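Inside the fold
Now for the letters of each chain:
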Amino acid sequence: MTTKQLIEQIKIKKSFLCIGLDVDLNKIPQHLLKEEDPIFTFNKAIIDATHHLCVAYKPNTAFYEAYGIKGWKSLEKTIKYLNENYPEIFTIADAKRGDIGNTSTMYAKAFFEDLAFDSVTVAPYMGKDSVEPFLAFKDKHTIMLALTSNAGAFDFQTKNVEGKELYKHVLETSKTWENSDNLMYVVGATKAEYFADIRKIIPNSFLLVPGVGAQGGNLQDVCKYGMTETVGLLINSSRGIIYASSNNDFAQAATQAAEKLQQEMQDILK
């Protein structure tokens, strides 16, 4: 999917919501555990109930890898179901990969070619040659960790290096890499006060923003400092939507939770 197509979907749906499919078998409705593939059954129900309210889905691959081959097959079935039934949806493999040279190329092939995701999250700590292999794929997007929403982000990301926070060096350097137009960035909603400075460095890039809702991030503040003329934001909500209910009405509850966020976004877009 191209950036232009993503922007078009935001306009059509009046939404820039991304739903995180982070499936924990200890949290899904217990009656689903009787299914042959409870993870996929849960995902399918959530997707069918919310696809009209969001523009992206983001499975965190750890929640699938934890269940071994069965979990990976559930991930494969989920992305195949999305691509076949809702091809207009932007898909994000939240894998946080990153390694040098051929290894990154193989990671990219796994997510872009085999699983056919539109994008994948990467960690930039190893630098240029760990990220550029992902950027080489046409009409695919690499979503690089920039300033995350966890408490440990302050251990390194905001440290002053030669008069400037480290995350700013990362952002500026990434713009010099080959095919950097294919970059998006992860910026946590709990760091809303940083968005103004970030936009000075990457004024037009899309930002994937976790941390709204359960982690305490504020949608209004994120939009105030981070929104661009083409929106430029994908606001992710995971637990607040997919676990809105643990009963038989879990899909309907997910619809209601997603609709609440979508309505807030629609009001902002007016």
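Please refer to the structure higher up on the page.
Scope of this entry: the structure provided in the associated data block. (Residues numbered from 1 in each chain as written. Predicted model: local features only at pLDDT ≥ 70, side-chain atom pairs only at ≥ 80, totals over all residues. Heavy atoms only, no water.)

Some details on the overall build of the chain
Secondary structure assignment for the chain yields twelve helices and ten strands. The C-alpha radius of gyration computed for the chain amounts to 18 Å, which stays within 12% of the reference 18 Å derived for 270 residues, consistent with globular compactness. Along the first, second and third principal axes, the C-alpha set of the chain runs to 55 × 45 × 35 Å. A fraction of 74% describes how many contacts in the chain between residues 6 or more apart in sequence connect residues 24 or more apart. Between the averaged position of the 29 positive side-chain charges in the chain and that of its 33 negative side-chain charges there is a distance of 2 Å. (Helix = DSSP H or I, 4+ residues; strand = E, 2+ residues; numbered from the N terminus. Rg over C-alpha atoms; globule rule 2.2 N^0.38 Å. Contact = heavy atoms within 4.5 Å. Lys, Arg positive; Asp, Glu negative; His and termini not counted. Charge placed at Lys NZ, Arg CZ, Asp CG, Glu CD.)

Section: the side chain of Arg199
With respect to the helices, strands and loops of the structure, Arg199 is situated in helix α9 (residues 195–201). We note that Arg199 is buried and unpaired, the nearest opposite charge coming from Asp197 at a distance of 12 Å. Among the polar contacts made by the side chain of Arg199, one reaches the main-chain carbonyl oxygen of Gly232 at a distance of 3.0 Å. In contact with Arg199, not counting residues within four places along its chain, are Asn204, Ser205, Leu207, Tyr225, Gly226, Thr228, Val231, Gly232 and Leu233. (Buried < 20%, exposed > 50% of the residue type's maximum accessible area, 1.4 Å probe, protein only. Salt bridge = Lys/Arg side-chain N within 4 Å of Asp/Glu carboxyl O. Polar contact = N/O pair within 3.5 Å; in protein donor to acceptor, adjacent residues only side chain to side chain.)

Some words on the sheet that holds strand β5 (residues 141–147)
Pairing in this closed barrel of eight strands is parallel, and the strands run β1-β2-β3-β4-β5-β8-β9-β10 around the ring. Across the sheet, the mean angle from the axis of one strand to that of its neighbour is 30°, orientation sign disregarded. Bridge count between strand β9 (residues 207–209) and strand β10 (residues 233–237): three bridges; the pairing is parallel. In the strand pairing of β10, Val209 is matched with Ile235. Most of the contacts of helix α12 (residues 250–269) go to strand β1 (residues 17–20), to which it runs at about 155°, and overall it touches β1 and β10. (Pairing = 2+ DSSP bridges. Axes fitted to C-alpha atoms, helices over the stretch in contact; angles between N-to-C directions.)

Regarding helix α1 (residues 3–13)
By the burial criterion, the buried members of α1 are Leu6, Ile7, Gln9, Ile10 and Lys13. Buried residues in α1, looked at end-on, bunch into an arc of 155°, giving them a common side. More than 90 degrees from the buried face of α1, the exposed residues found are Lys4, Lys11 and Ile12. Next to the buried residues of α1 lie β3 (90–97), β8 (183–187), β10 and α12. Positive backbone phi, approximately 50°, marks Lys14, located one or two places after α1. (Arc of directions from axis to C-beta.)

Things to note about the packing of helix α5 (residues 101–114) against helix α6 (residues 128–135)
Their axes nearest at 8 Å, the elements α5 and α6 cross at an angle of 35°. The element α5 and its partner α6 pack so that their crossing is right-handed. Judged by residue contacts, Gly101, Ser104, Thr105, Tyr107, Ala108 and Phe112 of α5 engage Asp129, Ser130, Pro133 and Phe134 from α6. Considering only residue class, the contact of α5 with α6 consists of five nonpolar, four polar and one charged. (Left-handed = near helix turned anticlockwise from the far one by under 90°. Nonpolar A, V, L, I, M, F, W, Y, C, P; charged D, E, K, R; others polar.)

Brief notes about a nonpolar patch on the surface
There is a patch of nonpolar side chains on the surface, built from Phe156, Val161 and Leu166 and spanning about 250 Å² of accessible area. Along the chain, the position of Phe156 falls in helix α7 (residues 153–156). (Patch = residues over 30% accessible without salt bridge, like charges linked within 9 Å, V, L, I, M, F, W, Y side chains within 5 Å. Areas by Shrake-Rupley, 256 points an atom, 1.4 Å probe, with all protein chains shown as cover.)

Thoughts on the pairing of β1
As a general feature of sheets, a regular strand has side chains that alternate between the two faces. Alternating residues of β1 divide into Leu17 and Ile19 and Cys18 and Gly20, and every residue in both groups is buried. As judged from the three bridges shared by β1 and β10, these two strands associate in the parallel manner. By the bridge assignment, Leu17 is partnered in β10 with Ile235. In this structure, β1 lies alongside strand β2 (residues 56–58), joined through three bridges in parallel fashion. By the bridge assignment for β2, Gly20 is matched with Lys58. Assessed by its sense of winding, the connection that carries the chain from β1 through helix α2 (residues 38–50) to β2 is right-handed. (Right-handed = clockwise from strand over helix to strand, strands pointing away.)

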